[in-house]
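# Survey of secondary and tertiary structure
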Amino acid sequence: MLEILFQFFQDELQKVADPEKAAKMAAYMKTTQKFYGVQAGPRRQIIRAALKKYPIHSRDRWNRLILKLWRSESREEMYIALDVVQKYPCFHDDDAWPLFELLTRTASNWDTLDLIASHFVGGLVAKNRAFEKQLVIWRTDANFWVRRASLLAHLKHKEKTNTALLRETILCLAAEPEFFIRKAIGWVLREYGKSNPHWVVNFIRQNEAVLSGLSVREAMKNLA
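This section reports on the structure supplied with the text. Keep in mind it's a predicted model, so treat the numbers as computed, not measured.

Turning next to the nonpolar core. Formed by 71 residues in total, the largest nonpolar core has its most connected members in F9, W62, V84, F100, V121, I170 and L189. At 7 residues, the largest contribution of residues to this core is made by helix 7 (residues 110-127). With 6 residues, the next largest nonpolar core counts A22, M25, M29 and Y79 among its residues.

As structure tokens, this is what we get:
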């Protein structure tokens, strides 16, 4: 059944493939990876049809389908893998951590990494704070996308944000020249500023000497 479902996804993507859009999407993401040229709307229609016809009832099937899609040739199959993750929040528990970490460590750009970090990893950390020790490990990882994930895992925590850990992580990464790290620092501060602007403003004032201009500008976009 897994092979049938996987083939269904490929067949439906091929039916609505648009080579012109595919070229533009690959150019935008600066990658040589294959694109079908299928945008989010049609892709989600395919997912709805697929899961209605071939519903997933077990964690094992969910996990195996995600990995098969994730490791496939096209970017849209990777996107579908993440859509399938989202469709089954019932499986987002401690046992999902190995899958979420694998996805984090093999994501190659922001278009896949950011959703994994902010929603899947961040959601699991919010449920079980024991996973915060993994974020501490991630912030010194050799892969800068994993380091970015250690920041973005806090993005949706709002008033439940562990400010001590967030502070430590930002200061650990603040000196990095990497654009995507500096951008993530500003983004997570801006989001937390919607819940606690006083903390964010004070943090920036206290640490402006070590924060990049990009991080500060991003953080302050919605703050007076």
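This is not the end of the story, as more comes after the structure.
Our next topic: helix 10 (residues 163-173). For an α-helix, the turn length of 3.6 residues means that residues three or four places apart are oriented alike. All buried positions along helix 10 are accounted for by L165, L166, T169, I170 and L173. Down the axis of helix 10, the buried set is contained in an arc of 130°. They therefore lie on one face. Structurally, the start of helix 10 carries an N-cap: the backbone nitrogen of A164 is 3.3 Å from a side-chain oxygen of N162.

All right, on to the packing of aromatic side chains then. This structure, assessed with the given rule, holds 13 aromatic pairs. When the ring of W62 is compared with that of F91, the centres are 5.1 Å apart and the planes differ by 45°; the resulting orientation is tilted. Of this pair, W62 sits in helix 4 (residues 59-70) while F91 is found in the loop between helix 5 (75-87) and helix 6 (97-106), placing the two residues 29 residues apart along the sequence. Taken individually, W62 and F91 each receive the classification buried, so the pair is uniform in this respect. When the centroid spacing of 6.4 Å and the interplanar angle of 15° are considered together, the rings of F144 and F180 count as stacked. Of this pair, F144 sits in helix 9 (residues 144-152) while F180 sits in helix 11 (residues 179-193), and the two are 36 residues apart along the sequence.

With that settled, the discussion passes to the packing of helix 1 (residues 2-15) against helix 4. Packing of helix 1 against helix 4 leaves a shortest axis separation of 11 Å and a crossing angle of 40°. Relative to helix 4, the element helix 1 is oriented oblique. In the crossing of helix 1 with helix 4, the sense of the turn from one axis to the other is right-handed. Along the contact surface, helix 1 presents L2, E3, L5, F6 and F9, while helix 4 presents R61, R64, L65, K68 and L69. Tallied by class, the residues present in the contact of helix 1 with helix 4 amount to 6 nonpolar, no polar and 4 charged.

Rules used throughout
Residues numbered from 1 in each chain as written. Predicted model: local features only at pLDDT ≥ 70, side-chain atom pairs only at ≥ 80, totals over all residues. Heavy atoms only, no water. Core = buried A, V, L, I, M, F, W, Y, C linked by side-chain atoms within 4.5 Å. Buried < 20%, exposed > 50% of the residue type's maximum accessible area, 1.4 Å probe, protein only. Helix = DSSP H or I, 4+ residues; strand = E, 2+ residues; numbered from the N terminus. Arc of directions from axis to C-beta. Polar contact = N/O pair within 3.5 Å; in protein donor to acceptor, adjacent residues only side chain to side chain. Phe/Tyr/Trp six-rings, centres within 6.5 Å; stacked < 30°, edge-to-face > 60°. Axes fitted to C-alpha atoms, helices over the stretch in contact; angles between N-to-C directions. Parallel < 35°, antiparallel > 145°, perpendicular 65-115°, else oblique. Left-handed = near helix turned anticlockwise from the far one by under 90°. Contact = heavy atoms within 4.5 Å. Nonpolar A, V, L, I, M, F, W, Y, C, P; charged D, E, K, R; others polar.

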